[in-house]
Amino acid sequence: MTTMTLVCGLLCTQQPATEKPVPILTTDQAALQRANQRIKTLESEVKALKETESKKPATKQKAPKLARTYEVTAYTNNAESTGKSAGDPDYGVTASGARTKTGYTIACPPSMAFGTRLNIEGIGVRTCEDRGGAIKEGHIDLYVAGVAEAQAFGRQWLKAETITK
């Protein structure tokens, strides 16, 4: 019986293996747990991006813009330049529909879009607002207020660089 008592004692005193109970989380604890998991995911994504970035070849830098030389002349609103007289409803109105402005308006070749800004050597920044029958590629016509000023300006070959926004 002693053996039986021993066996019975051993069997009766053993507790069944219990699984560790899952803790019950509060709403805040669950949110924090999700946030921590998201942080880990983002950290691994950043690491992967850094590795990919380091494997990319170096990007080429844009070459500096070179100024182009233009034949530059000057024009006025008067009939000798535009064929329009002061009584004409289109007198002083550019091909773009804007009014001519001293120190601002230039007539450009058709390849240059209205609104293109040029920094012209010795003149400054001017905006393409007009066209003209004599304005071909490589030619710019600078608007000035008077005929004497246009004649004094004459014909010059100046460098100009397109200004990007």
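Predicted model, so just to flag it, every value in this text is computed and none were measured.

A. Representation of the overall build of the chain in the model. A tally of helices and strands in the chain yields four helices and six strands. Listing the helices and strands of the chain from first to last along the sequence gives α-α-β-α-β-β-β-β-α-β. Taking all 165 residues of the chain together, 23% fall into the buried category. Within the chain, counting contacts between residues at least 6 apart in sequence, those at least 24 apart form 64% of the total. Surface exposure of the chain reaches about 12,400 Å², of which carbon and sulfur atoms provide 57%.

B. Broad picture of the environment of Cys 108. With respect to the helices and strands, Cys 108 occurs in the loop between strand 2 (105–107) and strand 3 (117–120). Considered as a pair, Cys 108 and Glu 129 are 21 residues apart in the sequence and their alpha carbons are 7.6 Å apart. In contact with Cys 108, other than residues within four places in its own chain, are Cys 128, Asp 130, Arg 131, Ile 135 and His 139.

C. Structural context of the pairing of strand 5 (residues 139–143). Along strand 5, five of the five residues are buried, which leaves the element largely enclosed by surrounding structure. What you see with strand 5 is no split at all: His 139, Asp 141 and Tyr 143 on one side and Ile 140 and Leu 142 on the other are buried throughout. One ladder, built from five bridges, connects strand 1 (residues 68–75) with strand 5; its direction is parallel. Its bridge partner lying in strand 5, Tyr 75 is registered against Tyr 143. In terms of strand pairing, strand 2 meets strand 5 through two bridges, oriented antiparallel. Note on strand 5: the bridge partner recorded for Ala 107 is Asp 141.

D. Representation of the nonpolar core in the model. By size, the foremost hydrophobic cluster in this structure holds 16 residues, and its most contacted members are Val 72, Ile 106 and Leu 118. When contributions to this core are tallied by element, the ones reaching two or more residues are strand 1, strand 3, strand 5, helix 4 (147–153) and strand 6 (156–163). A per-element tally of this core places strand 1 first, with three residues. In this structure, Val 72 is in contact with Ile 140, Leu 142, Phe 153, Gly 154, Arg 155, Gln 156 and Leu 158, ignoring residues within four places of it in sequence.

E. Representation of the sheet that holds strand 1. One closed barrel accounts for six strands, arranged 1-5-2-4-3-6; its pairing is mixed. Strand-to-strand, the axes of this sheet are offset by a mean angle of 50°, without reference to chain direction. Bridge count for strand 3 against strand 6 is four bridges, and the pairing is antiparallel. Residue pairing for strand 6: Asn 119 is matched across the bridge by Glu 161.

Criteria and cut-off values
Residues numbered from 1 in each chain as written. Predicted model: local features only at pLDDT ≥ 70, side-chain atom pairs only at ≥ 80, totals over all residues. Heavy atoms only, no water. Helix = DSSP H or I, 4+ residues; strand = E, 2+ residues; numbered from the N terminus. Buried < 20%, exposed > 50% of the residue type's maximum accessible area, 1.4 Å probe, protein only. Contact = heavy atoms within 4.5 Å. Areas by Shrake-Rupley, 256 points an atom, 1.4 Å probe, with all protein chains shown as cover. Pairing = 2+ DSSP bridges. Core = buried A, V, L, I, M, F, W, Y, C linked by side-chain atoms within 4.5 Å. Axes fitted to C-alpha atoms, helices over the stretch in contact; angles between N-to-C directions.

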